[in-house]
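Next come the chains, spelled out residue by residue.
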Amino acid sequence: MLLEALGVEVQLFEARGRPGGRLHCVDEGGGAIYEAGGEWIDADHYRVLNLLRHFDMEPTTPGEWPQKLIFRGKECTEATIWNDALEDDLRVEAAAREMCRDLTSPPWSNTHAADLDGRKLGDFIREHTQSERGLWWVNSKYRSDEGDDLDNIGLLGWLSGYLHYLDRDGDVMSAYRIPGGSRQLCEKILGSLNAEPQFQKVLRRVRQDSSGVTLMFDDGQAQVDHVILTLPPPALERVVFEPALSPRRRCAVEACRMSRATKICWEFDHPWWHDLDWGGSLMCDGPIQQTWDGSIGTAPILTAYICGDEAAKWLALGDPVRAGIYELSLMFPDASKHFVRGWAHNWLTDPFSPGAFSHLAPGYVLEHMEHISPPEGRIHFAGEHTALWSGFIEGALESAERVVSEFTKR
Ligand SMILES: Cc1cc2nc3c(=O)[nH]c(=O)nc-3n(C[C@H](O)[C@H](O)[C@H](O)COP(=O)(O)OP(=O)(O)OC[C@H]3O[C@@H](n4cnc5c(N)ncnc54)[C@H](O)[C@@H]3O)c2cc1C
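Treat the numbers as computed from the prediction; the structure is a model and nothing was measured. (Residues numbered from 1 in each chain as written. Predicted model: local features only at pLDDT ≥ 70, side-chain atom pairs only at ≥ 80, totals over all residues. Heavy atoms only, no water.)

**Concerning the pairing of strand β17 (residues 290–293)**
Next up, step 1: The side-chain alternation of β17 yields two buried faces, one formed by Q290 and W292 and the other by T291 and D293.
Next up, step 2: Sheet topology places strand β16 (residues 282–284) next to β17; 2 bridges connect them, and they run antiparallel. If you follow M283 over to β17, its bridge partner there is Q290.
Next up, step 3: Hairpin geometry of β16 and β17 is characterised by an intervening segment of 5 residues between the two adjacent antiparallel strands and by a positive phi of about 60° at Q289.
Next up, step 4: Across 3 bridges, β17 lies against strand β18 (residues 301–307) in antiparallel orientation. (Buried < 20%, exposed > 50% of the residue type's maximum accessible area, 1.4 Å probe, protein only. Helix = DSSP H or I, 4+ residues; strand = E, 2+ residues; numbered from the N terminus. Pairing = 2+ DSSP bridges.)

**Some remarks on the site of the ligand**
Next up, step 1: Residues in close proximity to the ligand total 28 residues, the closest being E14, R22, W40, L203 and E384.
Next up, step 2: Residue I393 places a main-chain N or O atom 2.9 Å away from an oxygen atom belonging to the ligand.
Next up, step 3: For the ligand, the protein covers 92% of the area, taking 1,000 Å² as the surface of the free molecule.
Next up, step 4: Of the residues contributing to the shell around the ligand, the split by class is 15 nonpolar, 7 polar and 6 charged. (Near = heavy atom within 4 Å. Polar contact = N/O pair within 3.5 Å; in protein donor to acceptor, adjacent residues only side chain to side chain. Areas by Shrake-Rupley, 256 points an atom, 1.4 Å probe, with all protein chains shown as cover. Nonpolar A, V, L, I, M, F, W, Y, C, P; charged D, E, K, R; others polar.)

**Brief notes about the layout of surface pockets**
Next up, step 1: Of the voids in this model, the second largest pocket is the one considered here, and its volume is about 300 Å³.
Next up, step 2: If you go around the second largest pocket, you meet 18 residues; those closest to its centre are N139, R143, D149, Q289 and E310.
Next up, step 3: When contributions to the lining of the second largest pocket are tallied by element, the ones reaching two or more residues are α6 (132–146) and α12 (309–316).
Next up, step 4: Sorting elements by how many residues they give to the lining of the second largest pocket places α6 first, with 5 residues.
Next up, step 5: Along the lines of polarity and charge, the residues of the lining of the second largest pocket split into 6 nonpolar, 4 polar and 8 charged. (1 Å grid on protein atoms, 1.4 Å probe; cavity = no way out; pocket = protein on both sides within 12 Å on 5 of 7 lines; lining within 4 Å. Points joined across faces, edges and corners; volume = space filled by probe spheres on them.)

**Brief notes about the domain arrangement of the chain**
Next up, step 1: Splitting the chain by domain gives domain 1 (2–60 + 176–257 + 353–408), domain 2 (79–165) and domain 3 (261–345).
Next up, step 2: Put simply, the middle of domain 1 and the middle of domain 3, counted by C-alpha atoms, are 30 Å apart.
Next up, step 3: Facing 19 residues of domain 1, the contacting portion of domain 3 comprises 17 residues.
Next up, step 4: Summed over both sides, the interface between domain 1 and domain 3 buries roughly 1,300 Å², with carbon and sulfur atoms accounting for 56% of that surface.
Next up, step 5: If you sort the residues of domain 1 by the area they bury against domain 3, E28, I33 and Y34 come out on top, with a joint share of 33%.
Next up, step 6: When the shortest N-O distance is used, the salt bridge between E39 and K263 registers 2.7 Å.
Next up, step 7: The interface formed by domain 1 and domain 3 holds 11 residue pairs in polar contact (both at pLDDT 80 or more) in total.
Next up, step 8: The biggest single contributor to the side of domain 1 that touches domain 3 is strand β3 (residues 33–35), with 3 residues.
Next up, step 9: When the residues that make up the side of domain 1 that touches domain 3 are grouped by side-chain class, the tally is 9 nonpolar, 6 polar and 4 charged. (Domains from an automatic or database assignment. Contact = heavy atoms within 4.5 Å. Buried area = accessible area lost by both parts, 1.4 Å probe. Salt bridge = Lys/Arg side-chain N within 4 Å of Asp/Glu carboxyl O.)

**Looking at the pairing of strand β9 (residues 203–209)**
Next up, step 1: With 6 bridges joining them, β9 and strand β10 (residues 212–217) adopt antiparallel strand pairing. Considered in β10, the bridge of R205 is made with M216.
Next up, step 2: In textbook terms, the turn of a hairpin is the stretch between consecutive antiparallel strands, and for β9 and β10 this stretch comprises 2 residues.
Next up, step 3: Pairing of β9 with strand β13 (residues 240–242), which is carried by 3 bridges, proceeds in the parallel orientation.

Shown next as structure tokens:
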């Protein structure tokens, strides 16, 4: 959209048979529609919110029901959270704020903070919590954002993201969703373009010289002046470049880690959670980790969002959907009574996005982060992993703006 607005002639190539990539709104028929990939928009994700409003799509907000918390069989809500958990949460927040005082953006400019870059977020949280419940709660909250276990996340990278949150008023995380699902947004974007996307075009090889770039697919090739590659890092690693990309870029792409997050979505014949005066939003210490009401169509859908080692364990099960219903019904017996069918989405082995979204692993920020986004000759790099809002839909849009500014500076 941004390039066409500048009068650039654009061609679009996509490996899958559908648009959207990790935005994947699935319609299973019979009113069962849900988001298998990106779903939530924070209140300060202005690019996403503005894009929606550009298409007259007013972002939707979840109902006012508070999130339920279950730890060791005891229950409360986020609004009435146990004191020890709340105190630990505030302690972690205060320590993070204090550490952010010495940090600047972009994250890799903090060369004085090598010790933070080498540290794990998991250790930081263990150091600043005192109760088991507090440790569980703070861990669960940030694991959900990061999409993986917190021992895999670097402290400097996390604090650099935390900088974004310092000016926020109240709880503006996961504030909105795309009305009608992300498929509607993708259709609106495609409908606004002159370019016709070409699907089932798996890029294998990229050759550049002074006259242009040749893109080689399984079934033919295309000659272009410049290319913008939005492939997630593990997919990019599989493409052959002639001449080879710089060693610094190759190291950055290889070191960029993808979070292991997955969703299991269950359809029910009745939204039984409303009978319990509950909106379906849960954080628990059991293997389901987190749920929310994921219904977009007429059928009631509950979505479980599971991250890290636990996600890998669920996806290794023969039937994660039924195993999940069993786990759910241990907490909520009505779940099995009303269960109709369900689906598990394995992003971990998806060939075009192996992993859910990028995270900043220990040591990544200072050694690699700045090398993943600059262009090399006629080849430009975009996608959430190249953005400061890495991991988010907002980051994908941020990277689009950066890439377009690379063109206008030429
Ligand atoms: C389970 C899950 C939950 C998430 N939750 C949220 C959330 O709540 N909020 C949020 O902001 N973000 C969330 N995200 C992350 C968000 O979806 C992504 O950050 C964003 O959609 C990434 O956009 P992108 O354009 O960078 O990459 P992609 O959408 O992955 O686009 C890259 C495209 O490249 C294509 N491709 C790959 N290899 C090739 C090849 N060889 N040849 C041609 N094409 C190729 C892919 O098919 C894909 O279409 C979630 C993601 C997942 C998976």
